[in-house]
Amino acid sequence: MCIRDRDIPRDLEKTTVVETEVQKRESNVFWQNRKWAMRILDHFIQRYEEVTSKPENPDSATIWQFFQEDYIMLFLKFSVGFLMKRREEFVAPKTAYYCFRFLHHALRIPAAKKEIDEGLSRILYDIALPSTMLTPRDEEIWRNDPQEFVRREEDLTYIGNCKNAATAFIIEICQNVEVLKQLIDHIWQYFCTSKDPRNSIPLEMIIKESLLYVLCSLREPILKNKEVADKMEEIMQKFVFDEFTNQIPFLRARACDVLYRYGGISFKSKENVRKAMEGVCQCLLDQELPVRAVSYTHLRAHETPEHLVCRLLLEKK
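Reading the values: rules and limits
Residues numbered from 1 in each chain as written. Predicted model: local features only at pLDDT ≥ 70, side-chain atom pairs only at ≥ 80, totals over all residues. Heavy atoms only, no water. Helix = DSSP H or I, 4+ residues; strand = E, 2+ residues; numbered from the N terminus. Buried < 20%, exposed > 50% of the residue type's maximum accessible area, 1.4 Å probe, protein only. Salt bridge = Lys/Arg side-chain N within 4 Å of Asp/Glu carboxyl O.

Trainee: A description of unusual backbone geometry should follow, citing residues and the corresponding values.
Mentor: The backbone of Ser194 shows a phi angle near 60 degrees, a positive value even though the residue is not glycine. Its place among the elements puts Ser194 in the loop between α12 (177-193) and α13 (205-217). A relative accessible area of 38% places Ser194 in the partly exposed class. Phi angles above zero are rare outside glycine, and Ser200 is one such case at about 65 degrees. Residue position: Ser200 is located in the loop between α12 and α13.

Have a look at this one:
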């Protein structure tokens, strides 16, 4: 708790996106202490959540009960506050990662979940969604090592990746159908008006890419709910298919990713099937490796006779 509450020098909290400076600060003792404090908390919760369900561990149950009554709300306040701080100041990525991990754990603790539910709009839209955006580091890897970019996109287990931790939290809260519907409506309005429905912030490329990424991540809860799933064809028709020819490669790749996740739905319009197939086949010849990779993955996952011809021609070439 002392480490958690200790002030960090102002020069270590100034905003920066320079990768060398981020790594330098990450290894600084002040941020290292914060990271280890949150990591120990993460292990503590995992251990005692598991053992308290066993009747042969009454002492563990006592410790867990004491933690929930005396400390859970303090750490919740700290984690939310620290993640909010990221909007205007620097917070070491690994510290933020473990803060998101704590929020994910807290959803399974009744008192903490109630507190999270009361402030869910702020946590979801001001903290979690912005954490799924591309970073300058992502752009650098795309340019210099596209194979590594593709690998990272598929690696959801990487410790310290704040985007992965934020995504896991979003998926968990969207198991609640009402929360899922509200988020999909938010994304729909954002795309329709090109403005954030909450504060009228313009829809920029980096925001649209992150919202499409969230749609991809929510595939399982979306497809479980027929009302929401039935909207996906219209969402792709209005807001995704045009991105196949976008000048920005990140959006071309994400459009292919959306189709990969939802290409198995039953399309009502043959015209939409045609547009989807043409867009993906076009992306197979894209100059950017990550775009080609995700378009190829889509074809293998949802191979129709038309797709098969397209893929065989490409492989022969």
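Trainee: Give a detailed account of the environment of Val228, specifying residues and quantitative values.
Mentor: With respect to the secondary-structure elements, Val228 resides in helix α15 (residues 226-229). Among the residues examined, Val228 registers a relative accessible area of 3% and is labelled buried. Linking Val228 and Asp185, residues 43 residues apart in sequence, is a C-alpha distance of 9.6 Å.

Trainee: Account for the pattern of salt bridges, naming residues and giving values.
Mentor: One pass over the full model with this rule turns up 25 salt bridges. Its salt-bridge partner being Arg254, residue Glu153 comes within 3.0 Å of it at the nearest N-O pair. Taken together, the residues Glu153 in helix α10 (residues 146-154) and Arg254 in helix α17 (residues 249-262) connect sequence positions 101 residues apart. Between Lys231 and Asp185 there is a salt bridge; the shortest N-O distance is 3.2 Å. Taken together, the residues Lys231 in the loop between α15 and α16 (232-239) and Asp185 in helix α12 connect sequence positions 46 residues apart. Looking at Lys231, the relative accessible area reads 30%, which means it is partly exposed. Each of Glu153, Lys163, Glu209, Arg254, Asp257 and Arg261 takes part in salt bridges that share partners, so that together they form one network.

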